[in-house]
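Chain by chain, the residues run as shown.
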Amino acid sequence: MLYWSANSTHKNHEFFPEPEKFDPSRFEGNGPAPYTFVPFGGGPHMCPGKEYARLEILVFMHHLVRRFKWEKIIPDEQIVFNPMPSPAKGLPIRIYPHKV
Ligand code: HEM
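So, the packing of aromatic side chains
And then number 1: Taken as a whole and judged by the stated rule, the model has 2 aromatic pairs.
And then number 2: Here Phe-16 and Phe-37 contribute two aromatic rings whose centre-to-centre distance is 6.3 Å and whose plane-to-plane angle is 65°, an arrangement assigned as edge-to-face. Of this pair, Phe-16 sits in the loop between helix H1 (7–10) and helix H2 (50–67) while Phe-37 sits in the loop between H1 and H2, placing them 21 residues apart in sequence.
And then number 3: Of the aromatic side chains, those joined through ring pairs into one cluster are Phe-16, Phe-27 and Phe-37.

Shown next as structure tokens:
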């Protein structure tokens, strides 16, 4: 039996210096080494919804950021690992439309 979690490579300083830092440039050029950044798995059972999910998240984030200000309702919400990291209470937020 082998247990693996994405966190074991995604947060590995050897592959991703300052892993907590928002730094999209780390994906430029050749990007990360193979099988180090695998949010959608890898190999023959890799997620077939990958490109759809990426596009949907991109569109959602675009509208959220362009149209609204938002704040966390629980500022210090805990992250739980079950087995993937996620906000314990589902990251409730309050949104306000930008003034036009
Ligand atoms: C952010 C969104 C998503 C994430 C992070 C995600 C992640 C994953 C991961 C890690 C796997 C396992 C891959 C492996 O075993 O190597 C998987 C499998 C799968 N995903 Fe996704 N997924 C997402 C969205 C979607 C969507 C939108 C669909 C369908 C419309 C989808 C359909 C599937 C299917 C059918 C499998 C099983 C593939 C197989 O066993 O051959 N996923 N996904």
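From this point on, the discussion continues.
Thoughts on the site of the ligand
And then number 1: Within the structure, the ligand sits among Pro-39, Phe-40, Gly-41, Gly-42, His-45, Met-46, Cys-47, Pro-48, Gly-49, Tyr-52, Ala-53 and Ile-57.
And then number 2: Within the backbone of Gly-42, a nitrogen or oxygen atom sits 3.2 Å from an oxygen atom of the ligand.
And then number 3: In the model, an oxygen atom of the ligand is placed 2.6 Å from a nitrogen or oxygen of the His-45 side chain.
And then number 4: Along the lines of polarity and charge, the residues of the shell around the ligand split into 8 nonpolar, 4 polar and no charged.

A closer look at unusual backbone geometry
Leaving glycine out, the prevailing phi sign among residues is negative, and the prevailing peptide bond configuration is trans.
And then number 1: Even without being a glycine, Glu-18 presents a positive backbone phi close to 50°.
And then number 2: Residue classification places Glu-18 among the exposed residues on the basis of a relative accessible area of 51%.
And then number 3: Notably, Leu-91 is not glycine yet its phi reads approximately 55°, a positive angle.
And then number 4: If you trace the backbone, Leu-91 turns up in the loop between strand E3 (85–87) and strand E4 (93–97).

Considering the environment of Val-38
And then number 1: Examined against the element boundaries, Val-38 turns out to sit in the loop between H1 and H2.
And then number 2: The class for Val-38 is buried, based on a relative accessible area of 11%.
And then number 3: Residues Val-38 and Arg-66, 28 residues apart in the sequence, show an inter-C-alpha distance of 28 Å.
And then number 4: Setting aside residues up to four positions removed in sequence, Val-38 forms contacts with Trp-4, Thr-9 and His-10.

Some thoughts on the layout of surface pockets
And then number 1: What the largest pocket holds in volume is close to 1400 Å³.
And then number 2: Considering the residues around the largest pocket, the lining is formed by 37 residues, among which His-10, Phe-22, Phe-27, Phe-37 and Pro-39 are closest to the centre.
And then number 3: Of all the elements in the fold, those that place two or more residues in the lining of the largest pocket are H1, H2, strand E1 (68–72) and E3.
And then number 4: Lining the second largest pocket, in full, are Phe-40, Glu-51, Arg-54, Ile-57, Leu-58 and Met-61.
And then number 5: Residue composition of the lining of the second largest pocket, grouped by class: 4 nonpolar, no polar and 2 charged.

The rules we used
Residues numbered from 1 in each chain as written. Predicted model: local features only at pLDDT ≥ 70, side-chain atom pairs only at ≥ 80, totals over all residues. Heavy atoms only, no water. Phe/Tyr/Trp six-rings, centres within 6.5 Å; stacked < 30°, edge-to-face > 60°. Helix = DSSP H or I, 4+ residues; strand = E, 2+ residues; numbered from the N terminus. Near = heavy atom within 4 Å. Polar contact = N/O pair within 3.5 Å; in protein donor to acceptor, adjacent residues only side chain to side chain. Nonpolar A, V, L, I, M, F, W, Y, C, P; charged D, E, K, R; others polar. Buried < 20%, exposed > 50% of the residue type's maximum accessible area, 1.4 Å probe, protein only. Contact = heavy atoms within 4.5 Å. 1 Å grid on protein atoms, 1.4 Å probe; cavity = no way out; pocket = protein on both sides within 12 Å on 5 of 7 lines; lining within 4 Å. Points joined across faces, edges and corners; volume = space filled by probe spheres on them.

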